[in-house]
Amino acid sequence: MTFDTFLFIVTILYICQICVFIIGLKLNKDITKNDKRYFASIIIAARNEEKNITDCLNSILNQTYPSSLYEIIIANDNSTDRTELICQDFINQHSNIKIVNVKTEVNTKGKANALAQGIENANGEILLITDADCIVPNTWVEEIIRRYEDNVGLVGGFTLQKSSTPFEGMQSLDWTFILGLAAAWAGLKYPLGGIGNNLSFRKSTYDETGGYRKLKFSVTEDYTVVQAILSSPKRWKYVYPIDRKLLVESKPCNDWQTLIRQKHRWGKGGLDLKFAGLVVMLIGFLMHVSPFIILYWGGVLQATTALVLKFSSDYFFLHYILKKLNKVDDLRWFYWFEIYFIFYVIALPFLVFFGGKVKWKGREF
């Protein structure tokens, strides 16, 4: 097989893959509207979040869902800054907030340990998970609860990042792409995962898995718990709506070092993906690296054609999602995203296998 033929096959596979994902998005019909009023527990794992926790809590307190029907549990993960003091001020003013000071890790560690201890103190039938650096819309709790029909065990949602610079914008489009894949797989009835700062599940389904203390430790704890619940004999349904009323806003990484560490962590967690997920990653890697191999041998036309087709496919996929979320303006960062996308996809396997231990929030895993 010649390099030209190989590039042609990889490009076709990539385009077909994007087409399948768009079909998955179209099949991801969000028609679940339940009128039950469940009591909900919102769990926030917080470690040294004095700069973020105030905005996060204010957004959660400003919900259309009655405050008497939800509680906020802050799992203070051994913070050494003013996080606990700030939370205590909120507790003094709001009866539906409580703090859990995370104890020494025993059967699990890291964020999974904080979430486990937060959940153990939760009274809600539905658990909603977000991060301290996130701002949720005022419809967040109500719209998530409305998706919980009797056969629904999990509800996922989109999180995009606040973006005013190319560095921030390319990160937000990266999240759009990744979460778009998650929504597409859900539409295809083969859910792979979600993101842990906009995720919810029934407490009963969590308890059925044994919780984080019983599950195998992973640096991507959200993927682990989603797969454990979906593997339950009860065959719970996973709903992944593409709805602006559920859209959470997160803060982007401030610098390249933090971004690289984030990708390292996600890449390590990605090793636990199902076979289909690994195939997607492989095709993506080959699509990004092959044009440059051809270009090295003088195939300028072939490489340019392949990249233009790849860019067009990516743009159409992102546009479909962002239009639903009323965030099409984020596509102004598209060119920056594609440059970043190419280099990080090529570098990721080397980072995962030769990057050493995962470093996150001052810890190593």
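Below, the structure is looked at part by part. All of these numbers come straight from a predicted model, not from anything done at the bench.

### Focus: the overall build of the chain
Phase 1 of the analysis: Regarding its fold elements, the chain presents 12 helices and 12 strands.
Phase 2 of the analysis: When its C-alpha atoms are laid out on the principal axes, the chain stretches across 70 × 45 × 40 Å.
Phase 3 of the analysis: For the chain, the proportion of its 365 residues judged to be buried stands at 55%.
Phase 4 of the analysis: Considering only contacts within the chain whose residues lie at least 6 apart along the sequence, 82% involve residues at least 24 apart.
Phase 5 of the analysis: Side chains of the chain give 41 positive and 35 negative charges; the mean places of these two sets differ by 3 Å.

### So, the side chain of Ser59
Phase 1 of the analysis: Mapped onto the elements of the fold, Ser59 is located in helix 2 (residues 53-61).
Phase 2 of the analysis: Once you skip the residues sitting within four places of it in the chain, Ser59 turns out to touch Cys134, Ile135 and Val136.

### Observations regarding the sheet that holds strand 10 (residues 248-250)
Phase 1 of the analysis: Reading across the sheet, the three strands line up as 5-10-7 and stay open at both edges, with mixed pairing between neighbours. The open sheet has two edge strands, strand 5 (134-135) and strand 7 (159-161), and neither has a second partner.
Phase 2 of the analysis: In terms of strand pairing, strand 7 meets strand 10 through three bridges, oriented parallel. Opposite Gln161, over in strand 10, you have Ser250 as the bridge partner.
Phase 3 of the analysis: Across the sheet, helix 6 (residues 166-187) touches strand 7 and strand 10, and the angle it forms with strand 7 is around 165°.

### Considering the pairing of strand 6 (residues 152-156)
Phase 1 of the analysis: Counting buried positions over the five residues of strand 6 gives five, a clear majority of the element.
Phase 2 of the analysis: Where strand 6 meets strand 9 (residues 237-239), three bridges bridge the pair, whose relative direction is parallel. By the bridge assignment, Val155 is partnered in strand 9 with Val239.
Phase 3 of the analysis: Relative to strand 8 (residues 199-202), strand 6 runs antiparallel, the two sharing three bridges. Of the residues in strand 8, the one forming a bridge with Leu154 is Phe201.

### Some thoughts on unusual backbone geometry
Phase 1 of the analysis: At Asn78, a residue that is not glycine, the phi angle is positive and equals roughly 55°.
Phase 2 of the analysis: Locating Asn78 in the fold gives a position in the loop between strand 2 (70-76) and helix 3 (83-93).
Phase 3 of the analysis: Judged by its relative accessible area of 42%, Asn78 falls in the partly exposed class.
Phase 4 of the analysis: Here Asn326, not a glycine, exhibits a phi torsion of approximately 55°, which is positive.
Phase 5 of the analysis: Locating Asn326 in the fold gives a position in the loop between helix 11 (300-324) and helix 12 (334-354).

### Notes on the side chain of Asp222
Phase 1 of the analysis: Tracing the sequence through the fold places Asp222 in helix 8 (residues 221-230).
Phase 2 of the analysis: Buried and without a salt bridge, Asp222 has Lys111 as its closest oppositely charged side chain, separated by 6.3 Å.
Phase 3 of the analysis: Ignoring anything within four residues of it in the chain, the contact list for Asp222 reads Gly194, Ile195, Gly196, Leu199 and Tyr212.

### Re the pattern of salt bridges
Phase 1 of the analysis: If you walk through the whole model with that rule in mind, you get 13 salt bridges.
Phase 2 of the analysis: Put simply, Glu221 and Lys111 hold a salt bridge, and the shortest N to O gap is 3.7 Å. Here Glu221 is found in helix 8, whereas its partner Lys111 is found in helix 4 (residues 110-120), with 110 residues between them in sequence.
Phase 3 of the analysis: The residue Lys310 makes a salt bridge to Glu338 at a minimum N-O spacing of 3.2 Å. Separated by 28 residues along the polypeptide, Lys310 in helix 11 and Glu338 in helix 12 bring together distant segments of the chain. Neither residue differs from the other here; Lys310 and Glu338 are each classed as buried.
Phase 4 of the analysis: Counted as one network, the salt bridges with shared partners bring together Glu143, Arg146, Arg147 and Asp243.

### Here we look at helix 12
Phase 1 of the analysis: Counted at 1.5 Å a residue, the expected span for helix 12 with its 21 residues is 30 Å, and the 30 Å between its end C-alpha atoms agrees.
Phase 2 of the analysis: At Ala347, helix 12 shows its maximal kink, close to 40°; a proline, Pro349, follows between one and four residues later.
Phase 3 of the analysis: What helix 12 keeps buried is the set Phe334, Phe337, Glu338, Tyr340, Phe341, Ile342, Tyr344, Val345, Leu348 and Val352.
Phase 4 of the analysis: Gly356 occupies a position one or two residues after helix 12 and carries a positive phi of about 75°.

### Digging into a nonpolar patch on the surface
Phase 1 of the analysis: A cluster of nonpolar side chains, namely Phe3, Ile293, Tyr296 and Trp297, defines an oily patch on the protein surface of about 530 Å² accessible area.
Phase 2 of the analysis: By secondary structure assignment, the location of Trp297 is in the loop between helix 10 (275-296) and helix 11.

What counts and what doesn't
- Residues numbered from 1 in each chain as written.
- Predicted model: local features only at pLDDT ≥ 70, side-chain atom pairs only at ≥ 80, totals over all residues.
- Heavy atoms only, no water.
- Helix = DSSP H or I, 4+ residues; strand = E, 2+ residues; numbered from the N terminus.
- Buried < 20%, exposed > 50% of the residue type's maximum accessible area, 1.4 Å probe, protein only.
- Contact = heavy atoms within 4.5 Å.
- Lys, Arg positive; Asp, Glu negative; His and termini not counted.
- Charge placed at Lys NZ, Arg CZ, Asp CG, Glu CD.
- Pairing = 2+ DSSP bridges.
- Axes fitted to C-alpha atoms, helices over the stretch in contact; angles between N-to-C directions.
- Salt bridge = Lys/Arg side-chain N within 4 Å of Asp/Glu carboxyl O.
- Expected span 1.5 Å × (residues − 1).
- Bend = angle between axes of the 7 residues up to and from the residue.
- Patch = residues over 30% accessible without salt bridge, like charges linked within 9 Å, V, L, I, M, F, W, Y side chains within 5 Å.
- Areas by Shrake-Rupley, 256 points an atom, 1.4 Å probe, with all protein chains shown as cover.

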